[in-house]
Amino acid sequence: MTNTSLKLAPSLFQGLGVIHPFSILNPTRSHSSNVCIGERRRTEMTTNRRFCCDDLLRFSSVNLDHLTETFNMSFYMTYLARWPDYFHVAEAPCNRVMGYIMGKVEGQGESWHGHVTAVTVTPEFRRQQLAKKLMNLLEDISDKIYKAYFVDLFVRASNTPAIKMYEKLDYVIYRRVLRYYSGEEDGLDMRKALSRDVERKSIIPLKRPVTPDELEYD
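All figures in this text were calculated on a predicted structure; none of them were measured in a lab.

Positionally, Asn72 belongs in the loop between strand E1 (47-50) and helix H2 (73-82). Judged by its relative accessible area of 8%, Asn72 falls in the buried class. A polar atom in the side chain of Asn72 sits 3.0 Å from the backbone nitrogen of Phe75.

What follows is the structure, encoded as C-alpha cells:
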C-alpha cells in the first residue's frame, strides 16, 4: 500500500473521544523507553484502553516484527473511526505502548462475526500473556456486545508459534487460503466459536482449500 493523505474533521474525533492526529501530543506523557526499565515484568500494572489517534505516532516499535503488517495511516484511521470498540492498546506504567489489537465486526446472519485484523506485542513484553489478554478482550466484545457467532483471523501457514498460540486459545483451522499473502504464501483462516453458535457450526473445517477470490470477507 502507498501512503495517502487524509483530511480529518476535528468533529469526528471529538465524537469518538480521541485526539486529532495533528494535534500537539500531551506534554505530560513520557515517551522514553528508559522509564520502563525494571517494570517489564509488572504486567499487573498494564492498562488496556482504546487506541487513540496519537498512539499512531507511538507504536512504530511494536511493528518492527517482520511478521507484523504495517499499513498506511488512512487504514488505521478507518478502523479507528468505524470500529473503535475493536481497537485497543496495552500500555506500560511508563506510558509506553506494549502491544495492540485491531479488528472489526462484519457479516450477515450466521456469518456475523468479529475479525482480528492485527494483534502484536513488542518483543521485550512478550511471554507475559499480553496477546492472550488482548484476544480475550476482542472476543468478549464480539460475544457480549455485538452478539457475534464467532471470531476469525488469518495467519501465515509458516508462522508456527502464532498458530500454536491461537490453538491454545481454542481457535481451530477452518480452511486454508491459497497464496493469501502477497500471492506467495498460503494463509490459514482460524476460528473460535462464541456462545451464540450453540451448535459450533462456524468452526466445522472445510475439506478443500480456497482462493482469495472465494473469501466472503477479508
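Now for the sheet that holds strand E3 (residues 97-106). The strand order across the open sheet formed by 7 strands is E1-E2-E3-E4-E5-E7-E6, and the pairing between neighbours is mixed. Lying at the two open borders of the sheet, with one neighbouring strand each, are E1 and strand E6 (172-181). The mean angle between the axes of side-by-side strands here comes to 25°, regardless of whether they run parallel or antiparallel. As paired strands, E3 and strand E4 (residues 113-121) are joined by 8 bridges and run antiparallel to one another. Bridge pairing in E4 links Ile101 to Val119. Across the sheet, H2 touches strand E2 (87-91), E3 and E4, and the angle it forms with E3 is around 65°. The sheet strands contacting helix H3 (residues 130-145) are E1, E2, E3, E4, strand E5 (150-156) and strand E7 (185-193), and the helix crosses E4 at an angle near 160°.

Under the definition given, this model contains 12 salt bridges. Here Arg50 ties to Asp85 by a salt bridge, and the two come within 2.2 Å at their closest N and O atoms. One end of the pair, Arg50, is in strand E1; the other, Asp85, is in the loop between H2 and E2, with 35 residues separating them in the sequence. A salt bridge links Arg208 to Glu214, with the nearest nitrogen and oxygen atoms 2.9 Å apart. Residue classification places Arg208 among the partly exposed positions, given a relative accessible area of 48%. We classify Glu214 as partly exposed; its relative accessible area is 34%. The structure contains a network of salt bridges with shared partners spanning Arg49, Asp55 and Glu91.

Conventions and cut-offs
- Residues numbered from 1 in each chain as written.
- Predicted model: local features only at pLDDT ≥ 70, side-chain atom pairs only at ≥ 80, totals over all residues.
- Heavy atoms only, no water.
- Helix = DSSP H or I, 4+ residues; strand = E, 2+ residues; numbered from the N terminus.
- Buried < 20%, exposed > 50% of the residue type's maximum accessible area, 1.4 Å probe, protein only.
- Polar contact = N/O pair within 3.5 Å; in protein donor to acceptor, adjacent residues only side chain to side chain.
- Pairing = 2+ DSSP bridges.
- Axes fitted to C-alpha atoms, helices over the stretch in contact; angles between N-to-C directions.
- Contact = heavy atoms within 4.5 Å.
- Salt bridge = Lys/Arg side-chain N within 4 Å of Asp/Glu carboxyl O.

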